[in-house]
Amino acid sequence: MRLAVLVSGSGTNLQALLDAEHRGELAPGEIVLVASNRPSVQALERAQGAGKPAIVVDHKRFPSREAFEEGLLETLSEHRVDAVVLAGFMRVLTPLFLGRFPDRIVNIHPSLLPAFPGVDAQRQAWEHGVKVAGCTVHFVSPELDEGAIILQASVPVPDAVGLSSEEGAARLRARILEKEHEILPAAVQLLAAGRLLRQGRRVRILPPK
Ligand code: GRF
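Computed from a prediction, not measured in an experiment: that's the story for all the values here.

### As for the packing of helix α1 (residues 12-22) against helix α2 (residues 42-49)
The packing of two helices is summarised by the inter-axis angle and the distance between the axes.
Point 1. Where α1 contacts α2, the axes come no closer than 9 Å and their chain directions differ by 15 degrees. Taken together, the axis directions place α1 and α2 in an arrangement best described as roughly parallel. Judged by the sense of rotation from one axis to the other, the crossing of α1 with α2 is right-handed. Every residue of α2 that contacts α1 at Thr-12, Leu-14, Gln-15 and Leu-18 is listed here: Ala-43, Arg-46 and Ala-47.
Point 2. In terms of residue class, the contact of α1 with α2 is made up of four nonpolar, two polar and one charged.

### A short note on α1
Point 1. Residues of α1 that are buried include every one of Asn-13, Leu-14, Ala-16, Leu-17, Leu-18, Ala-20 and Glu-21, and no others.
Point 2. Packed against the buried residues of α1 are β1 (2-7), β2 (30-36), α2, β4 (83-86), β5 (105-109) and α6 (165-192).
Point 3. Where α1 ends, the next residue or the one after it, Gly-24, has phi of about 85 degrees, a positive value.

### Focus on the pattern of salt bridges
Point 1. This model, assessed by the stated rule, comprises ten salt bridges.
Point 2. For Asp-159, the salt bridge identified is with Lys-131, shortest N-O distance 3.6 Å. Placement of Asp-159 in the loop between β7 (149-156) and α6 and of Lys-131 in the loop between α5 (121-128) and β6 (132-139) is noted, with a sequence separation of 28 residues between them.
Point 3. Classification of Asp-159 by relative accessible area gives exposed; the value is 69%.
Point 4. Within this structure, Asp-120, Arg-123, Glu-127, Glu-166 and Arg-173 form a network of salt bridges that share partners.

### Quick notes on the site of the ligand
Point 1. Around the ligand lies a shell formed by Ser-10, Gly-11, Thr-12, Asn-13, Gly-88, Ile-108, Pro-110, Gln-122 and Glu-180.
Point 2. Ser-10 places a polar side-chain atom, nitrogen or oxygen, 2.6 Å from an oxygen atom of the ligand.
Point 3. A distance of 2.8 Å separates an oxygen atom of the ligand from a polar atom in the backbone of Gly-11.
Point 4. When the free accessible area of the ligand is taken as 370 Å², the share hidden by the protein chains comes to 83%.

### Topic: a negative patch on the surface
Point 1. On the surface, Glu-66, Glu-70, Glu-74 and Glu-78 cluster together into a patch of negative charge.
Point 2. The topology assignment puts Glu-70 in helix α3 (residues 65-78).
Point 3. Judged by relative accessible area, Glu-70 falls into the partly exposed class, the value being 39%.

Thresholds, definitions, all that
- Residues numbered from 1 in each chain as written.
- Predicted model: local features only at pLDDT ≥ 70, side-chain atom pairs only at ≥ 80, totals over all residues.
- Heavy atoms only, no water.
- Axes fitted to C-alpha atoms, helices over the stretch in contact; angles between N-to-C directions.
- Helix = DSSP H or I, 4+ residues; strand = E, 2+ residues; numbered from the N terminus.
- Parallel < 35°, antiparallel > 145°, perpendicular 65-115°, else oblique.
- Left-handed = near helix turned anticlockwise from the far one by under 90°.
- Contact = heavy atoms within 4.5 Å.
- Nonpolar A, V, L, I, M, F, W, Y, C, P; charged D, E, K, R; others polar.
- Buried < 20%, exposed > 50% of the residue type's maximum accessible area, 1.4 Å probe, protein only.
- Salt bridge = Lys/Arg side-chain N within 4 Å of Asp/Glu carboxyl O.
- Near = heavy atom within 4 Å.
- Polar contact = N/O pair within 3.5 Å; in protein donor to acceptor, adjacent residues only side chain to side chain.
- Areas by Shrake-Rupley, 256 points an atom, 1.4 Å probe, with all protein chains shown as cover.
- Patch = residues over 30% accessible without salt bridge, like charges linked within 9 Å, V, L, I, M, F, W, Y side chains within 5 Å.
- Lys, Arg positive; Asp, Glu negative; His and termini not counted.
- Charge placed at Lys NZ, Arg CZ, Asp CG, Glu CD.

Right, dumping it as structure tokens:
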């Protein structure tokens, strides 16, 4: 299965995917393209470092969201992409894009959904005072962070007396990120192996073939 990874930033999740592929742990998935909507981000360097085509499709250069998505789709089709992984990709995708890859687009979100959707999820969790936080890999649907859940991992939130909100959120972010780097490659491998069966909101993980 030919995979594109869409990024917007530092790309540590992309790195986890590249490392997993290098260890043979994504097969039959193969990363054939990394595309960023922002130029000069570290994720692009990581892709180049791994010898992957790294392409910028800058949303600011398109007159509308639809035009941007058409541009992105064209790039994906040039690389004969079968499935798409959003790894820190900070643009909302519309049904125009999503309809081209039904049950073939996954996203990593840094909270235990449905808690704390949207931006700055780790800070939201920290400020809410939860005792358990975590991350979620889910299929992407038109509603933000709403799609069927594939894998989740939890982390305990440490009691932290005297930490500022900034420090607390940063600590949680680091702990959650470690788990993201585990479950995103695992979910992508399951997708590539055809082992994810979505039935409504529920995703069944099928045994190895
Ligand atoms: C991650 O926390 C991911 O869950 C969120 O954006 C962040 C991206 O980090 N969607 P990176 O670019 O993979 O380092």
